[in-house]
Amino acid sequence: MRRRFFMRGSFHVPFTFSHHHPDVSGFTDFVKAVNPSTYREDFFLARLWFHSFNCSDSESDCVTWENCPHKASLDWLPGHIFDMTMSGDSYNIYNAVYAVAQALHEMLLHETEVQTIENRNETVPSPAQLHPFLKNTQFQNPAGDQVILDNKKKLEAEYDIVNIWNFPQGLDLKVKIGHFSPFALHDHQLSLSEDLVEWAIGTTEPVHSVCSESCGPGFRKSLQEGKAACCFDCTPCSENEMANETDMEQCVKCPDHQYANTQRNQCLPRTVSFLAYGEPLGMALACMALGLSTLTVAVLGVFVKHHNTPIVKANNQALSYILLFSLIFCFLCSLLFIGRPNTVTCILQQTTFGVVFTVAVSAVLAKTVTVVLAFKVTSPGTKMRWLLVSGAPNFIIPIFTLIQVTLCGLWLGTSPPFIDTDANSEHGHIIILCNEGSLAALYCVLGYLGSLALASFTMAFLARNLPDTFNEAKFLTFSMLVFCSVWLTFLPVYHSAKGKVMVAVEVFSILASSAGLLGCIFVPKCYIILIRPDINCVHGFRDRKFPGQIKPS
């Protein structure tokens, strides 16, 4: 009796999985040609023929074929009554016949090899002898399929997905709508033709999981603890990870030269970035460096032109020239931090900065020591007077600079700076920058420079109130106060900044501290030289006061 429980209005769509098998050549033609007259011993075929074609009106139990249609064939029957294609069960029987024949052939061949010719015909093999050969049988059938009967060696099976059509009622037609292959690529093992599916009434698409909706691109599945495998949460992919397919188990991390877009469904190439001359920030800092260095050259020209005036001669004229030259290089060394980094600029950046700033700060210290020694000289022949006359303050610069050069040499010899990349600071960018190599060496260089700056500030502060017309101790004090304030502010800002901003902060600190030395020490002197030349003489100093100068009592 035909099944009737599959109905078009049912809430359930019947699907079955059947072993996939290739078409057997000639099988359909064989079925078309078969009839009861050629296979009289086949009772099932005779009954099918009798009921399908109404072959006899006789009341006897004997089946006769007088009234059968001429040249009747099974392919006349509807597909839901008799399927002309080979079913999965029939294909298994087909393979079983070939397996028995193959095993029998192997057994007879084996017996031929081990037995003598005399007793070969006397031995009749028993069915039990066939079993070991049948178990180990492995062959390729005529349809091209590999057949293996040993469970340990069996290949993974492929399946056809079949939908049962039952409309009109009783049709029970099996339609192949998909395929499953374990040999396909991951996430492509199951294929389904949704347009061939006979859905239940009111349904036009595949039913969803009973627990969860599918996770779209940009999300990964996260199983819910204690629930079925079809129950899961959709978790967004982490930064720099992406998922470009539905229901992915894990997100895929983008390579270092790529980044995940905001939807986290694809990786995009990163843009190479650095503090370039062409961008507004780099251009502004470069213009500031060139402008301030040009201004320093102009101040040096003014001092050279008026080198015979009292204001220039005061507090060691040679130290003023050295300080101005060092400030020029301080401004220009900031250009090493702008532009695409390379091996040379990475090595020169911090070392040049450390050396030229050491020269500048040492010059300020030497000028301060000169002021202090000048006021400590009370009588001829004293040790203080000998230090001042012999030019001892001038040795401060080469001694302290040599120490800094030694530290930089040790730095370059042990762990020099090198080109590095930063892919985490700016989204979508890979920043090219210089890695300091050894942080300990960097901190030694900066710590030594900071110690000199603190010593210069302390010395100038103590000498700020010494009474003399030519005393510039107050200007030196204020300049070192600005210098130290800039670099104390620089430290927290530098460590909180990232990428190009970090480089820009260092460049700005170099320019600001150098400008503080230039402005606080030399602007008042240029004001007197260029705007008030009337007081740039001995009697002018005696009769007038000006900022930073104290008239003797």
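Residues numbered from 1 in each chain as written. Predicted model: local features only at pLDDT ≥ 70, side-chain atom pairs only at ≥ 80, totals over all residues. Heavy atoms only, no water.

A. Spatial organisation of the overall build of the chain. Across its full length, the chain carries 14 helices and 15 strands. In the chain, buried positions account for 38% of the 553 residues. Of the contacts formed within the chain by residues at least 6 apart in sequence, a portion of 61% connects residues at least 24 apart. Of the roughly 32300 Å² of accessible surface on the chain, 61% is carried by carbon and sulfur atoms. (Helix = DSSP H or I, 4+ residues; strand = E, 2+ residues; numbered from the N terminus. Buried < 20%, exposed > 50% of the residue type's maximum accessible area, 1.4 Å probe, protein only. Contact = heavy atoms within 4.5 Å. Areas by Shrake-Rupley, 256 points an atom, 1.4 Å probe, with all protein chains shown as cover.)

B. Quick look at the pattern of salt bridges. Taken as a whole and judged by the stated rule, the model has two salt bridges. The partner of Lys221 in a salt bridge is Glu249, and the shortest N-O contact between them spans 3.4 Å. Here Glu249 lies in the loop between strand 9 (241-242) and strand 10 (252-253) and Lys221 lies in strand 7 (residues 219-223), a separation of 28 residues in the sequence. Between Lys500 and Glu279 there is a salt bridge, and its shortest N-O distance comes to 3.4 Å. Of the two residues, Lys500 is situated in helix 13 (residues 500-531) and Glu279 in the loop between strand 13 (271-273) and helix 5 (280-305); the sequence distance between them amounts to 221 residues. (Salt bridge = Lys/Arg side-chain N within 4 Å of Asp/Glu carboxyl O.)

C. Examining the environment of Ile529 more closely. With respect to the secondary-structure elements, Ile529 resides in helix 13. Residue class for Ile529 comes out buried when judged on its relative accessible area of 4%. Taking the C-alpha atoms as reference, Ile529 lies 7.7 Å from Ile311; in sequence the two are 218 residues apart.

D. Quick peek at helix 12 (residues 473-496). In this model helix 12 runs 35 Å from its N-terminal to its C-terminal C-alpha over 24 residues, within 8% of the 34 Å that 1.5 Å per residue would give. Listed as buried for helix 12 are Ala473, Phe475, Leu476, Thr477, Ser479, Met480, Phe483, Cys484, Val486, Trp487, Phe490 and Tyr494. (Expected span 1.5 Å × (residues − 1).)

E. Quick peek at the side chain of Ser456. Among the structural elements, Ser456 can be located in helix 11 (residues 439-462). Take Ser456: its relative accessible area is 0%, and that puts it in the buried class. Not counting the four nearest positions on each side in its chain, Ser456 is found in contact with Val361, Val364, Leu365, Thr368 and Met480.

F. Structural context of a nonpolar patch on the surface. Together, Leu290, Phe325, Phe329 and Leu332 make up an exposed nonpolar region whose accessible area comes to about 380 Å². Looking at which element gives the most residues to the nonpolar patch, the answer is helix 7 (residues 317-333), with three residues. Summarising the element assignment, Phe325 is placed in helix 7. (Patch = residues over 30% accessible without salt bridge, like charges linked within 9 Å, V, L, I, M, F, W, Y side chains within 5 Å.)

G. Spatial organisation of the nonpolar core. In terms of nonpolar packing, the biggest core is built from 63 residues, with Phe303, Leu323, Phe357, Phe483 and Phe522 touching the most fellow members. Breaking this core down by element, the ones donating at least two residues are helix 5, helix 6 (310-313), helix 7, helix 8 (343-376), helix 10 (396-414), helix 11, helix 12 and helix 13. The greatest single-element share of this core, amounting to 13 residues, is contributed by helix 13. Excluding anything up to four places from it in sequence, Phe303 contacts Val312, Ser320, Tyr321, Leu324, Phe522, Lys525, Cys526 and Ile529. Within the second largest apolar cluster, 13 residues are counted, among which are Trp49, Cys55, Cys68 and Ala72. (Core = buried A, V, L, I, M, F, W, Y, C linked by side-chain atoms within 4.5 Å.)

H. The sheet that holds strand 13, seen in detail. Taken in spatial order, the three strands line up as 13-15-14 in an open sheet, and their pairing is mixed. One side of each edge strand has no neighbouring strand; the edge strands of this open sheet are strand 13 and strand 14 (418-422). In this sheet, neighbouring strand axes are inclined to one another by 30° on average, regardless of whether the strands run parallel or antiparallel. Both strand 13 and strand 15 (residues 429-435) contribute to a ladder of three bridges, which runs parallel. Within strand 15, the position partnered with Thr271 by the bridge is His429. (Pairing = 2+ DSSP bridges. Axes fitted to C-alpha atoms, helices over the stretch in contact; angles between N-to-C directions.)

I. Representation of the pairing of strand 14. The pairing of strand 14 with strand 15 spans five bridges and is antiparallel. Looking at the pairing, Thr421 lines up with Ile432 of strand 15. Remark: six residues form the turn of the hairpin made by strand 14 and strand 15, two consecutive strands paired antiparallel; Gly428 in that turn has positive phi of roughly 85°.

J. Here's a closer look at the confidence of the model for the chain. Chain-level pLDDT for the chain is 78 on average; 79% of the residues reach the 70-or-more range. Here helix 14 (residues 538-543) is the element of the chain with the lowest mean pLDDT, 50, and helix 5 is the one with the highest, 93. Confidence over residues 1-11 falls short of pLDDT 50; this stretch has 17 contacts with residues more than four positions distant or in other chains. Contacts of residues 540-553 to residues separated by more than four positions or lying in other chains number 32 contacts, the stretch itself having pLDDT below 50. (pLDDT = per-residue confidence, 0-100.)

K. Representation of the state of the cysteines within the structure. Evaluated as defined, the whole model comprises four disulfides. One disulfide in the model links Cys215 with Cys234; its S-S distance is 2.0 Å. Across the S-S bond linking Cys215 and Cys234, the dihedral sits near -95°, which makes this disulfide left-handed. Of this pair, Cys215 sits in the loop between strand 6 (190-192) and strand 7 while Cys234 is found in strand 8 (residues 232-236), placing the two residues 19 residues apart along the sequence. You can call Cys215 buried: its relative accessible area is 0%. On the accessibility criterion, Cys234 (34% relative accessible area) is partly exposed. Across the disulfide, Cys237 is cross-linked to Cys251 (sulfur-sulfur distance 2.1 Å). In this structure the cystine formed by Cys237 and Cys251 twists about its S-S bond by roughly -80°; its chirality is therefore left-handed. With Cys237 in the loop between strand 8 and strand 9 and Cys251 in the loop between strand 9 and strand 10, this residue pair connects regions lying 14 residues apart in the sequence. Residue Cys330 stays outside any disulfide, its sulfur separated by 5.8 Å from that of Cys333, the closest cysteine. By relative accessible area, Cys330 is classed as buried at 0%. (Disulfide = S-S within 2.5 Å.)

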